[in-house]
Structure formats: structure tokens, C-alpha cells
Number of protein chains: 2
Amino acid sequence: MILPVIMAGGSGSRLWPLSRQLFPKQFLTLTGEHSMLQTTALRLSGIEHQAPVVICNEEHRFSVAEQFRANNIKNSGIILEPVGRNTAPAIALAALNAVKGGEDPLLLVLAADHVIKDEAAFCASVEKAAAHAASGKLVTFGIVPTAPETGYGYIKRGDTVTANNGAESGFVVNEFVEKPDLATAEKYLASGEFYWNSGMFLFKASSYLAELKSHSPDIYAACEKAMAEIHPDQDFIRVDKEAFEACPDDSVDYAVMEKTSSAVVVPMDCGWSDVGSWSALWDIEDKDSDGNVFKGDVLSTNSKNTYVNAQEKLVAIVGLDDVVVVETKDAILVAKKSQVQDVKTIVNQLKAEERPEFQIHREVYRPWGKYDSVDNGERFQVKRITVKPGAKLSVQMHHHRAEHWIVVSGTALVQNGDKEILLTENQSTYIPIGVVHALENPGKLDLELIEVQSGSYLGEDDIVRFEDRYGRVK
Amino acid sequence: MILPVIMAGGSGSRLWPLSRQLFPKQFLTLTGEHSMLQTTALRLSGIEHQAPVVICNEEHRFSVAEQFRANNIKNSGIILEPVGRNTAPAIALAALNAVKGGEDPLLLVLAADHVIKDEAAFCASVEKAAAHAASGKLVTFGIVPTAPETGYGYIKRGDTVTANNGAESGFVVNEFVEKPDLATAEKYLASGEFYWNSGMFLFKASSYLAELKSHSPDIYAACEKAMAEIHPDQDFIRVDKEAFEACPDDSVDYAVMEKTSSAVVVPMDCGWSDVGSWSALWDIEDKDSDGNVFKGDVLSTNSKNTYVNAQEKLVAIVGLDDVVVVETKDAILVAKKSQVQDVKTIVNQLKAEERPEFQIHREVYRPWGKYDSVDNGERFQVKRITVKPGAKLSVQMHHHRAEHWIVVSGTALVQNGDKEILLTENQSTYIPIGVVHALENPGKLDLELIEVQSGSYLGEDDIVRFEDRYGRVK
């Protein structure tokens with residue numbers, strides 16, 4: 001049986017301003033109607049598999065849970081990394097978790113933020129790989145290259161490998177090669193012996209753990225210790241923080257795949273992209289006759305080869321060629337398409353200046369719903385708050401701000417000091433400074449309300465939580 | 001005595017999205033700290049003059065009045081054009097108004113939306129021109145060209161003209177020339193005999209009226225009729241709508257200056273620009289060492305010769321060359337600098353689709369202050385309303401919406417049905433559908449409040465006005 005392991009640990013900055021530290025690429029809906037994480041899970045429908053395990057950073061846990069919930073996608077656990085330690089330890093946690101009940105599934109290790117256009121080809125490759133993995137091999141999927149890409153690592157194949165069932169769809173891995181220069185990449189492409197290193201794998205949990213123990217015993221030991229006593233919290237699997245922090249940081253390629261003698265590469269020709277930049281996204285999108293890709297409210301005259309993503313407002317472009325324009329509620333990027341890799345320079349600057357545009361969007365997701373800061377002034381702030389049906393914000397109090405709540409849609413059950421009141425559309429309440437309050441949506445539809453905060457300090461950290469159903473009270 | 005006549009009738013679209021139909025170029029603060037209209041008035045400080053008369057479109061009257069009030073600039077009347085009929089009729093209205101008390105001032109006709117960097121040179125030219133105007137001549141100011149511009153009309157000078165006082169600073173106008181091609185413009189520049197046609201004039205009111213009557217009697221007759229019975233309303237001078245609508249549409253150049261034998265051109269070398277496009281604005285601004293002009297919250301890496309105007313949000317640019325980026329609360333323009341003239345294509349499309357981004361900003365000015373639509377949803381809208389000290393909104397009622405008002409700054413005197421209440425910061429009131437209400441700022445500081453509208457129809461036209469101190473009740 002295949003157990004998909006979705007690695008959703010990325011916090012990439014290359015798709016800023018759409019991706020943010022607390023809402024990275026895997027949560028974005030870039031193509032189609034689902035996020036990359038959702039698409040990664042839904043793509044498995046052609047393969048017989050158990051509900052996937054997700055590995056993500058602690059700070060992304062509610063986003064992962066919500067994206068599964070929103071599409072009724074089952075998961076068999078969300079493993080939370082207290083810190084990022086790269087892919088080798090992440091997969092080790094999933095493998096240790098998988099074998100703890102005495103089972104030994106085939107782990108299909110997938111990144112949560114890749115695009116795959118041909119899902120049937122993806123499933124066919126996984127099926128071929130399964131024979132090798134069942135034979136004890138560690139399969140890495142090699143993407144059949146379609147261009148001399150200099151942004152990917154390559155895998156050189158060797159002789160054909162025959163699986164225990166007689167299948168011959170894999171090759172010995174001759175060599176893992178770092179990102180090449182263009183001339184070398186052209187040679188690789190022409191030779192037919194090289195594949196792009198996709199970062200997708202298939203192996204038995206026990207095979208991976210044995211090879212890890214053999215080639216990177218420190219990682220194995222640290223992860224075993226971290227998983228010795230896990231702390232269940234809803235669907236979340238919390239590992240021991242101290243033990244995991246002590247684990248070396250290493251990729252599965254370096255820690256295992258380049259050292260093992262059991263590596264097999266199985267080709268995959270499926271319209272794959274890791275969408276590592278805005279120009280990579282432009283590459284894979286359908287274009288109009290001028291080579292343009294427009295998302296949202298865009299007016300254009302005399303422009304070509306341009307990517308525009310308008311999230312919120314009208315974007316009008318005139319005479320552009322090879323430009324990327326990305327508009328969000330609080331930040332706009334305009335970049336020459338050939339220089340989009342320098343977006344990281346901007347992001348690093350924002351980070352150095354501790355600006356919020358690096359970390360969060362104006363609209364912030366919470367386990368109970370979301371809020372959007374629509375206006376603010378010297379001593380006030382206006383938020384639109386959306387509470388999901390059945391959800392409840394923590395019972396809380398503020399030292400420095402009073403709040404006015406006006407319900408504009410749905411029904412709110414409000415605790416305001418000693419009173420409990422039910423508010424419907426067009427009704428309001430006032431919560432003075434220091435009064436304990438709570439907000440709940442008892443209905444079947446989203447509750448939307450406008451909150452006007454008033455006070456001398458309006459930071460998110462002016463909150464004393466008394467009770468929280470999402471485990472946010474220490 | 002000189003009476004400045006400031007023509008503020010433009011509704012140009014070439015600086016969209018900063019300029020809008022209801023907030024055109026003359027009201028924008030593009031350079032320095034004052035709007036172009038304010039700067040036009042303030043620049044007169046070096047000239048002995050009466051308080052200026054302003055001519056503008058009816059729909060811009062409150063913006064004009066407010067821009068004078070805000071800087072304590074006096075005016076001697078704001079003439080309202082019911083429709084635009086070009087410059088010849090506009091100046092005729094000002095001239096007829098000027099002579100109606102038996103006086104005959106020198107009219108210094110100025111556009112409200114030009115940039116002049118050297119104010120001393122401007123004043124010196126006006127002084128020189130005054131001698132010719134006093135002698136009965138119609139002076140047009142010719143800008144000493146600094147480049148072979150193809151976007152301006154030119155004036156060819158002839159022999160020197162001597163004024164009655166012996167001054168020799170003017171020339172006979174040999175010819176008015178339409179916008180030339182580049183080769184011709186280069187010849188004009190080299191010859192030293194051509195000036196840019198600035199659209200600024202100096203003449204006695206009676207001289208202009210006599211020449212207009214002689215060369216364009218239809219315009220004269222229509223304007224005389226329109227001014228026969230004027231309707232004073234505060235500082236506003238309202239002319240007869242029907243009579244003025246019947247007036248031919250013509251420029252002062254065609255209607256008078258090209259036909260009169262009294263035309264004199266006085267050179268002006270003053271760093272002048274009509275700022276007719278975003279690239280013209282880039283031209284006149286101070287640039288950094290890479291040729292960039294940045295306004296507002298801008299981060300840049302590896303960009304040059306680029307103009308960025310960020311009004312509201314962070315704009316980050318990467319690798320741009322010769323690009324214009326203008327960001328406003330509801331629309332963003334990104335244009336190749338060499339193609340900014342095609343902004344009009346975008347504006348025409350917005351106009352054809354009746355989109356608000358053509359007509360108004362998200363923040364809208366009113367005689368009592370302003371409002372900004374900060375958020376809206378299916379059955380609600382949130383506005384931030386700012387009321388000036390002493391100002392009062394009309395006594396009004398809505399058929400389709402209820403309103404919540406929360407004061408976040410200052411003091412509000414509220415009429416809510418039969419009650420009159422005083423609200424200060426952090427206090428609120430609720431106005432049900434159909435209840436007559438009014439809002440007034442009785443204090444000395446701006447009043448700011450958050451209005452949450454709730455209802456099935458939220459258009460600005462759901463308003464029944466009972467009383468209005470700004471003359472908006474018919």
C-alpha cells in the first residue's frame with residue numbers, strides 16, 4: 001500500500017508578493033481552482049493509496065488543516081516540524097511514524113508546491129516505481145527534460161534495473177549532478193541520459209530508515225529521539241522540539257540517495273515544473289496570441305509576453321514586453337521577466353527592515369476563519385472578520401483597545417462581559433477596554449462582521465487569552 | 001492693475017490613474033507640496049495683482065473652492081462653465097465679468113496645470129508684457145524652446161515691437177504653427193525665431209473683447225448673453241446655461257490670436273512644461289543617479305530611468321528600464337515610458353465600460369470634507385468619513401440602507417430622527433432605514449468616523465436631501 005508523504009515545509013520567497021513567510025507557495029492557487037497543496041493531494045486519485053501524511057512547519061499548521069478541510073480531503077496526520085531541517089529529517093519523521101504500528105508502507109514522497117500537467121503520466125510512473133520500491137530499492141523520479149534548464153539538478157542514468165516482478169522501467173543512478181551551465185545542460189538534453197531531479201521519491205519506510213541509519217546515523221538518531229514521545233493535538237503530530245532542533249540539516253539527496261547503492265531512477269514525463277519563479281509560472285500558463293497571461297482585472301494595450309496577476313484592483317498596462325506585474329492588497333511587484341530571481345533581493349530587504357509585507361498578507365488566516373485590515377488611522381483600525389460556521393475565537397480581553405462589532409452577514413453569538421447576546425445582520429455591540437469577550441458563529445453560513453478598534457495601542461499582541469479551542473492558550 | 005484669470009477647466013486623462021474626470025490634473029500635487037492650481041496662484045506673489053478669477057467646470061467647483069480655502073489664497077470669484085467650450089469663450093466670460101463694473105484690468109490668462117520652475121523669469125516676462133498690453137496689444141507668451149519638442153505648437157516671431165513706454169521686449173507674431181515633425185522642430189530650435197505656444201496671455205479685457213467681437217462675433221454674442229444675468233451662489237458665478245451651451249467651441253488662438261493684427265509675442269524662459277504625460281513629468285523631476293524618480297513607498301533593485309508614484313501601498317520594482325508605475329487606491333498603471341500617450345486608450349476603454357476608475361478616485365472630495373470606501377461586500381459597505389471643522393453634511397434620508405457611525409477622532413453633532421446627540425471618540429450611533437439624519441462637526445479639529453452601511457442597495461444616489469448648506473437641494 002502506498003502512503004503519500006506530502007512535504008509542505010517550504011517558505012519560499014521567490015513568488016513574493018503572492019507568497020509570504022506565513023502563506024508560502026504551497027498554499028497559493030496559481031493555476032486551476034485549487035491550491036498547490038490541494039492539487040498535490042487530489043492528483044493522487046489515480047493511485048491506490050492511504051490518506052496522505054503532511055509534514056509542515058508548526059507555523060503553517062492551521063493553513064494545512066484548513067486546506068484539507070475545505071476540500072474534504074482526508075489526511076492521516078499532519079507532522080509539525082518545530083524548525084526546518086531540510087528533507088532527510090522530514091522524511092525520517094514520516095517513515096518512523098509510518099512504521100510505529102508495525103506496518104511498512106511504500107512512502108510516496110511529494111513536494112506540495114510542484115505543478116504536474118499530465119496526471120495520468122504521473123500515476124503511471126508511480127505504478128512502475130512501486131515494483132522497484134517493493135523490491136527494496138529507493139526510487140527517485142527523474143523528469144524527462146524538455147529544455148536545457150540551468151535551474152535544476154540532473155540525474156544521470158546507468159544500466160536498466162529489473163525489479164523482482166520482472167519490470168524493467170528503472171535505471172541505476174550513475175550520478176547526481178548539480179545545476180549545470182547552459183552548454184552543459186544542452187549536452188545533457190541531447191544525450192537522452194539525463195533527467196531533472198524532481199525531489200519526488202518512492203521507497204519502503206523500512207528501506208529508507210535502514211539506509212539513513214547506515215549513511216547518516218546522526219539524523220536517524222535525532223529523528224528517532226524526536227519521535228519517541230509525540231504529542232497529539234487534534235490532527236497534529238508534535239515531535240520533541242529539543243531533539244529535532246539537534247538534528248543535522250541535510251537533504252535526502254546528500255544524506256541518502258547519493259550514498260546508497262540501492263538508488264533507482266524511474267523516468268516521469270508529465271509536464272512538471274517546480275514553479276520556482278514568476279517567469280517559470282508564465283512558462284507553464286496558457287497564453288493569449290501576444291504571449292500574455294492575465295489573471296484578475298487587467299486592461300492591456302500593445303503589450304506582449306507579460307504576466308499580470310491582479311488580486312484586488314484594476315491593473316492597466318501599456319506597451320510592456322517581458323514584464324511581470326503582481327498586485328496584492330498591500331504590495332505590488334513590477335519586474336523584468338528575465339530578472340525575477342532578484343525578487344529575493346526585495347524580500348531580503350523587507351525582512352531586514354522587519355516589514356510586515358515580508359511575513360503576512362493584509363488578509364490573515366486563523367483557525368476560526370480570517371481577518372482583513374481594511375483601514376487604519378492614528379488611534380483606530382478597521383477589520384473585516386470572517387468566522388466559519390461553528391467556529392469560535394478565543395475568549396479574550398484587551399488592555400489598550402475598545403472594539404465595536406457590526407454584523408454585516410450571518411449570525412454572531414457574542415459573550416460581552418457577563419452577557420451573552422445573539423446578533424444578526426445590521427446589529428452591533430460595543431466591547432469596552434478590559435472586558436472579557438468571545439465571538440462565535442453558531443450558524444450554517446459564514447459570519448462577517450466589521451470591527452472598529454479604538455485605542456492608543458492596536459497591535460495584535462495586546463490580547464489576553466482565557467480559553468481557546470485551537471490550543472493557543474499556554 | 002493685473003487681474004489673473006486662471007483657467008482650470010481641464011479634465012485631461014493623460015495622467016490617469018492619478019487624474020480622474022472629477023479630479024483632474026490641476027488639482028494634483030505632482031511636484032512640491034501644493035497642487036498645480038495652488039501653485040499657479042502662489043506663483044503670482046512676485047507680481048502686483050488683484051485676487052485671481054478662476055474659470056472651471058461646474059462639477060469641479062468644490063475642489064477649486066477648497067484648494068483656495070486650504071491655503072488661505074483669496075480669489076475674486078469662481079466662474080462656472082455649465083459645459084466646456086474651449087478657451088475663447090472661457091476668457092470672454094472672465095473679460096465680461098471684469099468690465100461689468102466699468103473697470104478695464106489687464107487680464108493675465110494662465111492655465112492651472114502647467115509647471116514653471118523659474119518663477120522670477122515668469123514674473124519678469126509678465127512685467128515686460130504689461131507695457132505692450134497697456135498699449136492695446138494682445139500678448140501671447142512664447143516659451144524659449146530647450147528641445148525639438150513635437151508635442152507643442154510653435155509661434156514664429158517677426159520684427160521687434162515697441163510699446164508705448166518705449167520698451168522693446170516683444171515681437172510681431174509672424175505665424176502660429178501646428179505641432180511639427182521632429183526634423184521641422186529641429187530647424188525651429190536652431191533658427192532661434194520660434195517659441196513654444198504656452199497658452200498664457202496678457203491683454204486688457206476691453207482689447208480682448210473688441211478683437212473677439214470683430215473676429216468671432218458668434219462667441220462674443222453667446223458669452224454676452226450668458227453673462228447678462230448671472231446667478232451668484234457663495235463665491236461661484238453661474239452663467240446662463242442655455243446661452244453658453246449655444247456658444248461655438250473654439251480656442252483663443254483660432255478665434256482671436258491668429259486673426260488679430262494686434263498680436264505680440266513676449267518670450268519667456270522659465271523652465272516651463274505643460275506636463276502633458278507621465279514621461280513629461282519624469283522629464284522635469286529631479287532624478288537619482290540611475291535616472292529614477294520615486295514617490296512614496298518604493299523599493300527598487302537594478303532599475304533605471306523609471307518613474308514610480310506609490311500613493312497607497314508598497315511598490316517594488318526589479319530590473320525595469322524606461323517604465324512608469326503609478327499606484328492609486330483602486331487602479332494601477334504600468335506603462336513603457338515611450339508609450340505613455342496610449343494611456344488615453346485605457347481611459348477611453350474605462351469610459352466606454354462606464355467604470356468608476358475613469359471618473360472618480362476611491363477617495364472622493366465633498367464640500368464638507370471627503371469619504372473613502374475602504375471595504376464593501378454583498379450587502380454592506382464601509383466608509384471612512386472626514387468632516388472639516390464647522391462643516392455639515394446635508395440633512396438626508398436613505399430608502400435602502402441603514403448606517404452605523406463610529407467616531408474614531410474628533411466630535412460629531414448628530415441628528416438622528418428627533419434626537420440630537422453629541423458623539424466623541426469611541427462612541428457610536430445607529431441610523432435605521434428611512435430615518436432623517438444629519439452629521440456636523442462642531443469642533444476645531446477634523447472629525448473622522450467609520451460608517452458601516454447595510455442594505456440591499458448601496459448606491460450614492462439613494463439619498464433624499466432635505467436641507468443643504470452647499471446648495472445641493474434643488
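These numbers were taken from a predicted model, which means no experiment stands behind them.

(A) Here's a closer look at the relation of the copies chain A and chain B. The transform that puts chain A on chain B rotates by 180° and translates by 0.0 Å along the axis, for an RMSD of 0.0 Å. Expressed as an axis order, the relation between the two copies is that of a two-fold axis. Measuring from the rotation axis to each C-alpha of chain A, the shortest distance belongs to A:V374, at 3.0 Å. Looking at chain A, 100% of its interface residues are interface residues in chain B too, so the copies touch through the same face.

(B) Representation of the interface of chain A and chain B. Contacts between chain A and chain B engage 55 residues on the former and 55 residues on the latter. Both faces considered, chain A and chain B share a buried interface measuring about 4600 Å² in area, 58% of it formed by carbon and sulfur atoms. Along the contact surface separating chain A from chain B lie 8 salt bridges. Among the salt bridges present, the one from A:E425 reaches B:R379, with a minimum N-O distance of 2.7 Å. Considering every element that reaches the side of chain A that touches chain B, the biggest residue donor is strand β19 (residues 331-336) of chain A, with 6 residues. Of the residues belonging to the side of chain A that touches chain B, the class tally is 26 nonpolar, 15 polar and 14 charged. In the sheet, strand β17 (residues 314-318) of chain A pairs with strand β19 (residues 331-336) of chain B via 5 bridges, with the strands oriented parallel. Paired with A:I317 across the two strands is B:V334, which belongs to β19(B).

(C) Representation of the UniProt feature "domain: Mannose-6-phosphate isomerase type II C-terminal" (unreviewed entry) in chain A. If you check UniProt for "domain: Mannose-6-phosphate isomerase type II C-terminal" (unreviewed entry), the listed places come out as residues 354-468 of chain A in our numbering. From the first C-alpha to the last, residues 354-468 of chain A spans 29 Å; its make-up is 3% helix and 57% strand.

(D) Region of interest: the UniProt feature "domain: MannoseP isomerase/GMP-like beta-helix" (unreviewed entry) in chain A. According to UniProt, the feature "domain: MannoseP isomerase/GMP-like beta-helix" (unreviewed entry) maps to residues 297-350 of chain A in the numbering used here. The span residues 297-350 of chain A is 15% helix and 44% strand, and its two end C-alpha atoms sit 27 Å from each other.

(E) Spotlight on the pattern of salt bridges. Taken as a whole and judged by the stated rule, the model has 46 salt bridges over all chains. Three or more residues joined by partner-sharing salt bridges are found here, namely A:K329, A:R362, A:E363, A:K370 and A:D372.

(F) Representation of the packing of aromatic side chains. Scanning the model with the defined rule gives 24 aromatic pairs over all chains in all. A ring pair is formed by B:Y188 and B:F194, whose centres lie 3.9 Å apart and whose planes are at 10°; its orientation type is stacked. Note on accessibility: B:Y188 and B:F194 belong to one class, buried. In this structure an aromatic cluster arises from ring pairing among A:F23, A:F27 and A:Y365. One residue, A:K337, lies across the ring of A:W282, its end atom 3.3 Å from the ring centre. A cation sits over an aromatic face here: B:K287 above B:W282, 4.7 Å from the ring centre.

(G) Quick peek at the packing of helix α3 (residues 87-99) of chain A against helix α6 (residues 205-215) of chain A. Residues and elements named next belong to chain A. Two elements in contact, α3 and α6, have axes separated by 9 Å at closest approach and are oriented at 130°. For the element pair α3 / α6, the angle class is oblique. Relative to α6, the crossing made by α3 is left-handed. Here T87, A88, I91, A92, A95, L96, A98 and V99 of α3 come into contact with α6, specifically with A205, S206, Y208, L209 and L212.

(H) Main features of the domain arrangement of chain A. Partitioning chain A into structural domains gives domain 1 (2-273), domain 2 (278-348) and domain 3 (363-467). Inter-centroid distance (C-alpha atoms) of domain 1 of chain A to domain 3 of chain A is 40 Å.

(I) Layout of the environment of A:R362. Residue and element names in this part refer to chain A. Structurally, the position occupied by R362 is in the loop between α12 (356-359) and β20 (363-366). A distance of 2.8 Å separates a polar atom in the side chain of R362 from a polar atom in the side chain of D372. Within the structure, R362 has its side chain in polar contact with the backbone oxygen of S373 (distance 3.2 Å).

(J) Spotlight on the sheet that holds strand β16 (residues 307-310) of chain B. One open sheet accounts for 6 strands, arranged β15(A)-β17(A)-β19(B)-β18(B)-β16(B)-β14(B); its pairing is mixed. Of all strands in the sheet, those with a lone pairing partner are β15 (298-301) of chain A together with β14 (293-295) of chain B, marking the two edges. Ignoring strand direction, the axes of neighbouring strands in this sheet form an average angle of 5°. Relative to β19(B), strand β18 (residues 323-327) of chain B is paired through 5 bridges, and the arrangement is antiparallel. Within β19(B), the position partnered with B:V324 by the bridge is B:A335.

(K) Expanded view of the side chain of A:S262. Locating A:S262 in the fold gives a position in the loop between α9 (252-257) and β12 (263-268). Other than its neighbours up to four places away in sequence, A:S262 contacts A:G136, A:K137, A:L138 and A:E211.

(L) Spatial organisation of the pairing of strand β16 (residues 307-310) of chain A. Residues and elements named next belong to chain A. By the alternation rule, side chains of β16 split into Y307 and N309 and V308 and A310, which are all buried. Sheet topology places strand β14 (residues 293-295) next to β16; 3 bridges connect them, and they run parallel. Considered in β16, the bridge of V293 is made with Y307. Taken together, the 4 bridges between β16 and strand β18 (residues 323-327) define a ladder with parallel strand orientation. Looking at the pairing, Y307 lines up with V324 of β18.

Definitions and limits used
Residues numbered from 1 in each chain as written. Chains lettered and ligands numbered in written order. Predicted model: local features only at pLDDT ≥ 70, side-chain atom pairs only at ≥ 80, totals over all residues. Heavy atoms only, no water. Least-squares fit on C-alpha atoms with pLDDT ≥ 70 in both. Contact = heavy atoms within 4.5 Å. Buried area = accessible area lost by both parts, 1.4 Å probe. Salt bridge = Lys/Arg side-chain N within 4 Å of Asp/Glu carboxyl O. Helix = DSSP H or I, 4+ residues; strand = E, 2+ residues; numbered from the N terminus. Nonpolar A, V, L, I, M, F, W, Y, C, P; charged D, E, K, R; others polar. Pairing = 2+ DSSP bridges. UniProt positions renumbered as here; feature names shortened; annotations may be inferred. Phe/Tyr/Trp six-rings, centres within 6.5 Å; stacked < 30°, edge-to-face > 60°. Buried < 20%, exposed > 50% of the residue type's maximum accessible area, 1.4 Å probe, protein only. Lys NZ or Arg CZ within 6 Å of the ring centre and 35° of its normal. Axes fitted to C-alpha atoms, helices over the stretch in contact; angles between N-to-C directions. Parallel < 35°, antiparallel > 145°, perpendicular 65-115°, else oblique. Left-handed = near helix turned anticlockwise from the far one by under 90°. Domains from an automatic or database assignment. Polar contact = N/O pair within 3.5 Å; in protein donor to acceptor, adjacent residues only side chain to side chain.

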